[in-house]
Amino acid sequence: MFKISFWGCLFFLLTGLVQAQTPELKSYTQDIPGSKLKYDLVAIPGGTFMMGSPATEKGRKADEGPQHSVKIEPFWMGKMEITWDLYDLFAFHNMEKEMAAQNPGFDLAKTDASTRPSPPYVDMSFGMGRAGYPAINMTQYAAIHFCAWLYAKTGIFYRLPTEAEWEYACRAGTKTAYSFGDDPKMMDQYGWNKSNSNGAYKQVGKKKPNPWGLHDMHGNVMEWTLDQYYPDYYAKKAKGTVKEPYAKVTVLYPNAVRGGSWDDDAVVARSASRIPSDPSWKILDPQTPKSEWWLTSASFVGFRVVRPLVKPSEEEIKAYYNPPLMEDY
Amino acid sequence: MSNHSNHRDSGMSDHGRRDFLKKSGLLTGSTLLATLPSFASGYGFHSSADDTIKVALIGCGGRGTGAAMQALSTKQNVKVVAMADAFSDRLESAYKNLNMKPEIAKRVDVPAERRFVGFDAYKQAIPLADVVILATPPGFRPMHFEEAVKQNKHVFMEKPVATDAPGIRRVLAAAEEAKKKKLNVVVGLQRHYQPNYREMIKRIHDGAIGDIVGGSVYWVSGGVWVKPRQAGQTEMDYQMRNWYYFNWLCGDHINEQHVHNIDVANWVKGSYPVSCQGTGGREVRTGKDYGEIFDHHIVDFKYADGTTINSQCRHYEGTYSKVDEMFVGTKGRIDSFGGRANALMDYKGKTLFSHTIDPKANAYQIEHDELFEALAKNQYKFADAENGAKSTMTAIMGRMATYSGKMVTWDEALNSQIDLFPTQLSWDAMPKILPNQDGFYPVAVPGKTIAV
């Protein structure tokens, strides 16, 4: 009896422990402590999908192939692109302080040590709108530091999606060029691009979501991923030379950006389309060295965040949040 | 770049407006002066035996280093041969930054003996060059520009070109001298070198939207950097480091940043305002780290024909931002120069002319490309200093109006005897503006402060 109940107790204890460590994978709303802001996250079940596009896809480029099978662990992804409302709290500590003063109960000391962007010299929204509009023109380095700040604020580990996670989430189980099919004419219902944006980004979430409930995956602003961009990455991976579907960043350019923007033709916003970042995205920065925080000339680039179901170790988190600072001339 | 050529070749009409532009030196950049084949290269240019164009960088902050980088990125055989800055750490970090990229580094020839530090460093660097880049805080610009012209050097100088009226008068006098000597002077009001502004404003001047009868220009944004006071700093050291917040160095943000948009108003109007009145103050940025400058100004600039152009500038975090210009004419309007696709529209919504910006066209680079091309060809093409000075004067006049709360005329403003510059320059010398016991600086009070 004694023996059984001992093991029984141990079993229940362990089960309880595992349950506490692995949260339930369901969509939720993240409160942003010290503010009135919230951010919706959509549960993305794990699975295996064909990454890249078939050679027959209209508008396809060589860097989208060959298609290959990729296994994805479960995660949550932001329902919307990160907006200026949230990004400005990170970028301007004074705003964060003032917001916290109006919403007591959050210890700002947690975010005091955050590395933050230097104030931009010009308006980085380029007059296209702020409240409810996607934040743009941040470097990948800045987007990663935003995630670190968000971790300090919420205690939840958030990071940029890998390219594979991004495409998996964008496809949402579909195999067509877009998550709504192959006809770019339907784009008007799902995304903002050159044909319907009238030359500016739009408030997030104004178009229909994809089958998994994610908005603006096809257009509005392009989105940073965590990956270095290699045009031949799939070719190498498909041959088995690269096993991990994630290309760690080792040089500043190019990194992989996804999703097309208000300033692109619809074809750029296909699920498989990959866009390399470019030094010209900082062309308007007249300073040397150029800002590590602001792109200045990429009013088409923003981001959204993901949260993996299994939280990495503190050591791994540190590594995520401390990308090498690469000088940019 | 190809679309510049039409603009460059466009003939001067007899139209009164264009005549004014010509006389006033407003058509700077590519249109004011034709190539002078007989131009003698006797003014310090091509002083070396080969085709090297030697550059001295005066002011080694981020913008100065950027300007040097742009000079070194032109097609010509350009070398930076001397550097000067008040601070050795700023100079050394600029030197390091210029040497980071091998293709740029090979054009940086500045051994330790040609790196000059201190308030007088410019005097040592200028003689060594054919062209000088002036990129210190604007308060020093008149002194540096005067010296460069005196020494027969071509000049690239950043905007604004002064912070008070005595400084403007020095720049205007030196600008006259530069013209006589046929020295090329480019001012970093880079919109004059930006293809969309050139194309759109050419059409406006050609009458596409009729006479300009109103408009607004904006630099409303979240503000810029601030450098907190460090232990052991002298007052001069502190003000020099945190220069944005002191008028003798910066001229207030209406001058330092908003001069760009105010200059566009002058450019579009083809003249300078005859008077202005406005309001401003410190609403948000009131701490002791922010020196004496205002955080917002709204000014009505009135032109001789009665037209009023409204100017707004603001440094508030977390508010609506806009850096742009809009104008209305008797036949149409332009709502924005800032977007990717610009259009002149009539009042029925018809597009009269449109221009889409080439995202790779970088005006900061173009201004250097054109300057150094002219130098390599021995051409005298650029006389930006007079307009640079008068547009800077316009911004200063706006500050005079918001600080005083009075109506200010152009003549009063230009003849103002208020000299903000310290009587002595050394690390131990005292600037004219000093903090009180609590560390706060006196701030202008409209209605009380004498600012003209």
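Residues numbered from 1 in each chain as written. Chains lettered and ligands numbered in written order. Predicted model: local features only at pLDDT ≥ 70, side-chain atom pairs only at ≥ 80, totals over all residues. Heavy atoms only, no water.

A tally of helices and strands in chain B yields 15 helices and 15 strands. Looking at chain B as a whole, 60% of its 452 residues qualify as buried. The long-range share in chain B, meaning contacts at least 24 apart out of those at least 6 apart in sequence, stands at 74%. Entry remark: accessible area of chain B is about 17000 Å², with carbon and sulfur atoms responsible for 51%. (Helix = DSSP H or I, 4+ residues; strand = E, 2+ residues; numbered from the N terminus. Buried < 20%, exposed > 50% of the residue type's maximum accessible area, 1.4 Å probe, protein only. Contact = heavy atoms within 4.5 Å. Areas by Shrake-Rupley, 256 points an atom, 1.4 Å probe, with all protein chains shown as cover.)

Bringing the interface of chain A and chain B into the picture now. By a widespread convention, an interface's size corresponds to the accessible area lost as its parts come together. With 24 residues of chain A at the interface, the matching set in chain B holds 30 residues. At the boundary of chain A with chain B, total buried surface from both sides reaches about 2300 Å², with 55% on carbon and sulfur atoms. Viewed at the interface, chain B and chain A are joined by 1 salt bridge. Where Lys-360 of chain B meets Asp-278 of chain A, a salt bridge forms, and the shortest distance between an N and an O atom there is 3.8 Å. Scanning the region where chain A abuts chain B turns up 5 residue pairs in polar contact (both at pLDDT 80 or more). Residue composition of the side of chain A that touches chain B, by class: 13 nonpolar, 6 polar and 5 charged. (Buried area = accessible area lost by both parts, 1.4 Å probe. Salt bridge = Lys/Arg side-chain N within 4 Å of Asp/Glu carboxyl O. Polar contact = N/O pair within 3.5 Å; in protein donor to acceptor, adjacent residues only side chain to side chain. Nonpolar A, V, L, I, M, F, W, Y, C, P; charged D, E, K, R; others polar.)

With that settled, the discussion passes to the pattern of salt bridges. It is possible for side chains bearing opposite charge to pair when their charged atoms get close. In the structure shown here, the tally under the stated rule is 36 salt bridges over all chains. Here Arg-171 of chain A ties to Glu-167 of chain A by a salt bridge, and the two come within 2.9 Å at their closest N and O atoms. Placement of the pair is Arg-171 of chain A and Glu-167 of chain A together in helix 6 (residues 163-171), with a separation of 4 residues, close to one helical turn. For Arg-171 of chain A, a relative accessible area of 3% translates into the label buried. Accessibility expressed as a relative area gives 0% for Glu-167 of chain A, which makes it buried. The partner of Glu-370 of chain B in a salt bridge is Arg-198 of chain B, and the shortest N-O contact between them spans 2.9 Å. With a gap of 172 residues between them, Glu-370 of chain B in helix 13 (residues 363-376) and Arg-198 of chain B in helix 9 (residues 195-205) connect regions that are remote in the sequence. For the pair Glu-370 of chain B and Arg-198 of chain B, one class covers both residues: buried. Bridged by salt links that share partners, the residues Glu-163, Glu-167, Arg-171, Arg-258 and Arg-274 of chain A form one connected network.

All names here are of chain B. Sheet topology note: the strand 8 (residues 275-281)/strand 9 (residues 296-302) ladder contains 7 bridges and is antiparallel. When the bridges of strand 9 are listed, Thr-279 appears paired with Ile-298. Taken together, the 7 bridges between strand 9 and strand 10 (residues 308-315) define a ladder with antiparallel strand orientation. Each residue of the ladder has a partner; that of His-296, found in strand 10, is Arg-314. Adjacent in sequence and paired antiparallel, strand 9 and strand 10 are bridged by 5 residues, among which Gly-306 carries a positive phi angle near 95°. (Pairing = 2+ DSSP bridges.)

It is worth spelling out the sheet that holds strand 12 (residues 332-334) of chain B at this point. All names here are of chain B. The 9 strands are arranged 14-13-12-11-7-10-9-8-15 in an open sheet whose pairing can be described as mixed. A strand with exactly one partner marks an edge of an open sheet, and here the two such strands are strand 14 (351-356) and strand 15 (408-409). Across 8 bridges, the pairing between strand 7 (residues 212-221) and strand 10 is parallel. Across the sheet, residue Val-217 finds its bridge partner in strand 10, namely Ser-311. Where helix 12 (residues 259-269) meets the sheet, its contacts fall on strand 7, strand 9, strand 10 and strand 11 (322-329), and the angle it forms with strand 7 comes to roughly 165°. (Axes fitted to C-alpha atoms, helices over the stretch in contact; angles between N-to-C directions.)

Moving on, we come to the pairing of strand 8 of chain B. All names here are of chain B. Counting buried positions along strand 8 yields 5 of 7 residues, so the element is predominantly enclosed. Relative to strand 15, strand 8 runs antiparallel, the two being bridged by 2 bridges. Looking at strand 15, one finds that Ser-275 is bridged to Thr-409.

Right, let's get into the confidence of the model for chain B. Residue and element names in this part refer to chain B. Per-residue pLDDT for chain B has a mean of 90; in total, 89% of the residues score no lower than 70. The model gives residues 1-44 a pLDDT under 50, and that stretch makes 86 contacts with residues more than four places away or in other chains. What the predictor reports for the complex is a pTM of 0.83 with an ipTM of 0.71. (pLDDT = per-residue confidence, 0-100.)

What follows concerns the packing of aromatic side chains. Inspection of the entire model under this criterion finds 42 aromatic pairs over all chains. Consider the rings of Tyr-28 of chain A and Trp-76 of chain A, whose centres lie 5.5 Å apart with planes at 90°: the pair is edge-to-face. Residue Tyr-28 of chain A is found in strand 1 (residues 28-31), and its partner Trp-76 of chain A is found in strand 5 (residues 75-78); the two are separated by 48 residues along the sequence. Geometrically, the ring pair formed by Phe-140 of chain B and Trp-248 of chain B is edge-to-face, given 6.0 Å between the ring centres and 75° between the ring planes. Residue Phe-140 of chain B is located in the loop between strand 4 (131-134) and helix 7 (141-150), and its partner Trp-248 of chain B is located in the loop between helix 10 (235-241) and helix 11 (253-256); the two are separated by 108 residues in the primary sequence. In this structure Phe-140 of chain B comes out as buried when scored by relative accessible area, which is 5%. Through successive ring pairs, a cluster of aromatic residues spans Trp-84, Tyr-87, Phe-90, Phe-146, Trp-149, Trp-294 and Phe-303 of chain A. In this arrangement the basic side chain of Arg-274 of chain A is found over the ring face of Tyr-234 of chain A, its NZ or CZ atom lying 4.6 Å from the centre. For the cation-ring pair, Arg-307 of chain A lies above Trp-76 of chain A, with the distance from its terminal atom to the ring centre recorded as 4.2 Å. (Phe/Tyr/Trp six-rings, centres within 6.5 Å; stacked < 30°, edge-to-face > 60°. Lys NZ or Arg CZ within 6 Å of the ring centre and 35° of its normal.)

Moving on, we get to the nonpolar core. Judged by nonpolar contacts, the single largest core of 96 residues is most densely connected at Phe-145, Met-157, Met-240, Trp-248, Phe-327, Phe-337 and Met-393 of chain B. Counting residues per element, this core draws most heavily on helix 14 (residues 385-404) of chain B, which supplies 9 residues. Trp-149, Ala-200, Met-222 and Phe-300 of chain A belong to the second-largest nonpolar core, a separate cluster that totals 55 residues. (Core = buried A, V, L, I, M, F, W, Y, C linked by side-chain atoms within 4.5 Å.)

Further remarks concern the environment of Pro-23 of chain A. Residue placement: Pro-23 of chain A occurs in the loop between helix 1 (2-21) and strand 1. A sequence separation of 264 residues divides Pro-23 of chain A from Gln-287 of chain A, and the C-alpha atoms of the two residues are 46 Å apart.

As a further point, take the state of the cysteines. In the structure shown here, the tally under the stated rule is 0 disulfides over all chains. Cys-147 of chain A provides the cysteine sulfur closest to Cys-170 of chain A, a residue in no disulfide bond, and the two sulfurs are 19 Å apart. The exposure class of Cys-170 of chain A is buried, given its relative accessible area of 0%. A disulfide-free cysteine, Cys-276 of chain B has its sulfur positioned 12 Å from the sulfur of Cys-313 of chain B, the nearest such atom. (Disulfide = S-S within 2.5 Å.)

Residues and elements named next belong to chain B. It is at 9 Å that the axes of helix 12 and helix 14 come closest, and there the two elements cross at 110°. Taken together, the axis directions place helix 12 and helix 14 in an arrangement best described as roughly perpendicular. Judged by the sense of rotation from one axis to the other, the crossing of helix 12 with helix 14 is right-handed. Packed against helix 12, whose contacting residues are Val-259, Ile-262, Asp-263 and Asn-266, the element helix 14 presents Asn-387, Lys-390, Ser-391, Thr-392, Thr-394 and Ala-395 at the interface. Class assignment of the residues belonging to the contact of helix 12 with helix 14 gives a composition of 3 nonpolar, 5 polar and 2 charged. (Parallel < 35°, antiparallel > 145°, perpendicular 65-115°, else oblique. Left-handed = near helix turned anticlockwise from the far one by under 90°.)

Moving on: the sheet that holds strand 1 of chain A. Residue and element names in this part refer to chain A. Taking strand neighbours across the sheet as the criterion, the 4 strands line up as 1-2-5-10 in an open arrangement whose pairing is antiparallel. One side of each edge strand has no neighbouring strand; the edge strands of this open sheet are strand 1 and strand 10 (306-308). Strand-to-strand twist in this sheet, taken as the mean axis angle between neighbours without regard to direction, amounts to 30°. Where strand 1 meets strand 2 (residues 38-44), 4 bridges bridge the pair, whose relative direction is antiparallel. If you follow Thr-29 over to strand 2, its bridge partner there is Asp-40. Set on the sheet, helix 6 makes contact with strand 2, strand 5 and strand 10; between it and strand 5 the angle comes to about 75°.

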